[in-house]
Amino acid sequence: MDRATLDYGTSNSVLEREIERPWFRHFIIILIVINAVVLGVLTYHKFLPPGLVVALEVFDRAVTWVFAVEILLKLFVYRFQFFRAGWNWFDFVVIGVSMLPGGAGFSVLRAMRVLRVLRLLHIIPMMKRITEALMKALPGMGAIFAVLALVTYVAAVMATNMFGDTTDPDVAVLFGDLPKSAYSLFQVMTMDGWRFEVVQKVIDDGNPYAWIFFIIFIFIASFAILNLFIALVVEALASEQKALIEESLEEIEGEIEGELDQAGDQRREMVRLMMSMRAEIAELKQMVAARDA
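Thresholds applied
Residues numbered from 1 in each chain as written. Predicted model: local features only at pLDDT ≥ 70, side-chain atom pairs only at ≥ 80, totals over all residues. Heavy atoms only, no water. Helix = DSSP H or I, 4+ residues; strand = E, 2+ residues; numbered from the N terminus. Buried < 20%, exposed > 50% of the residue type's maximum accessible area, 1.4 Å probe, protein only. Contact = heavy atoms within 4.5 Å. Areas by Shrake-Rupley, 256 points an atom, 1.4 Å probe, with all protein chains shown as cover. Polar contact = N/O pair within 3.5 Å; in protein donor to acceptor, adjacent residues only side chain to side chain. Core = buried A, V, L, I, M, F, W, Y, C linked by side-chain atoms within 4.5 Å. Axes fitted to C-alpha atoms, helices over the stretch in contact; angles between N-to-C directions. Left-handed = near helix turned anticlockwise from the far one by under 90°. Nonpolar A, V, L, I, M, F, W, Y, C, P; charged D, E, K, R; others polar.

A. Just the overall build of the protein, in detail. Looking only at helices and strands, one finds eleven helices and zero strands in the protein. Helices and strands appear in the protein in the N-to-C order α-α-α-α-α-α-α-α-α-α-α. The proportion of buried residues among the 293 residues of the protein is 27%. Looking at the protein alone, contacts between residues at least 24 apart form 65% of all its contacts between residues at least 6 apart. Working note: accessible area of the protein is about 19400 Å², and carbon and sulfur atoms make up 68% of it.

Laid out in structure tokens, this is it:
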């Protein structure tokens, strides 16, 4: 991350080195994991001893203050440079929500303090790469979602016209109007109880060939379009892995070039020393020859 000042002699550079050291990051990771466990245990507060609940809540508040101090230290070091990274915005908002009072009006926001666990997504390098790959795939996912919504809308209109005019209350609940049809088709698309809870009721209502419509919809929506999401994610992860490999290769090439340059300098120094030694030997030979003469 960029420094807040170019003056490397100030205390900011020392503080920056400390908060970016591996031990500090590992300490924060451990706190996040432990705090996540504590928040999970606190969901059973009705069955826990009051003393333990109080101790866990005190620990949770203490961890919140530790995270707040961490953010303040980074703000002090990086100042406005801190907000140039999207992950820092995420940390700032999550910790800010955790600092809100615990009154009834803020109960929903207080429940969001478990979002602090998501900080692991950018603290752990592998999680960060996977998350960034998914973020890069979001525009393509939006296009696929639009296609899926269009197909579902068309199928919902068809289903409402074909199956909505019925006296069967079960089928009317499923396909009585456009929103109900869209919701039922979403259940069919997820293939959750689609046969007996949806298709079989429509067939029993006097539509023996309704299964053809639903099978075609499942093939298009589930097997074709939904699999595009998986393909897009796999492609994004492959691209991220390729970029990581290329970056590693560039680092290795840089190290090799540096070592070759260093070896070249050493070779030139040895040649210079050998030439100097040859000159000294020649002078000694001349001195011996002159003495013998």
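After that view of the structure, there is still more to cover.
B. Seen up close, the side chain of asparagine 207. Note on placement: asparagine 207 falls in the loop between α10 (194-204) and α11 (210-292). Among the polar contacts made by the side chain of asparagine 207, one reaches the main-chain carbonyl oxygen of valine 202 at a distance of 3.2 Å. When near neighbours in sequence (up to four residues on either side) are disregarded, asparagine 207 contacts Met162, Phe163 and Val202.

C. Layout of the nonpolar core. Membership of the largest hydrophobic core comes to 29 residues, with the highest contact counts inside it found for Phe163, Phe175, Leu185, Val202, Phe213, Phe214 and Phe217. Elements represented by at least two residues in this core include exactly α7 (125-163), α8 (169-175), α9 (178-190), α10 and α11. Considering every element that reaches this core, the biggest residue donor is α11, with eleven residues. In contact with valine 202, not counting residues within four places along its chain, are Phe163, Val171, Phe175, Asn207, Ala210 and Phe214. Core analysis: the second largest hydrophobic core is formed by 16 residues, Ile29, Val77, Ile95 and Leu120 among them.

D. Looking closely at the packing of helix α2 (residues 22-42) against helix α3 (residues 50-78). Across the interface, α2 lies against α3 with an axial gap of 10 Å and an inter-helix angle of 145°. You can see that α2 and α3 cross each other, and the crossing is left-handed. Residues Phe24, Phe27, Ile28, Leu31, Ile32, Ile34, Asn35, Val38, Leu39, Val41 and Leu42 of α2 form the contact with α3, whose participating residues are Val53, Leu56, Glu57, Phe59, Asp60, Val63, Val66, Phe67 and Glu70. For the contact of α2 with α3, the class distribution of residues is 16 nonpolar, one polar and three charged.

Worth remembering: the numbers are spatial, not functional.
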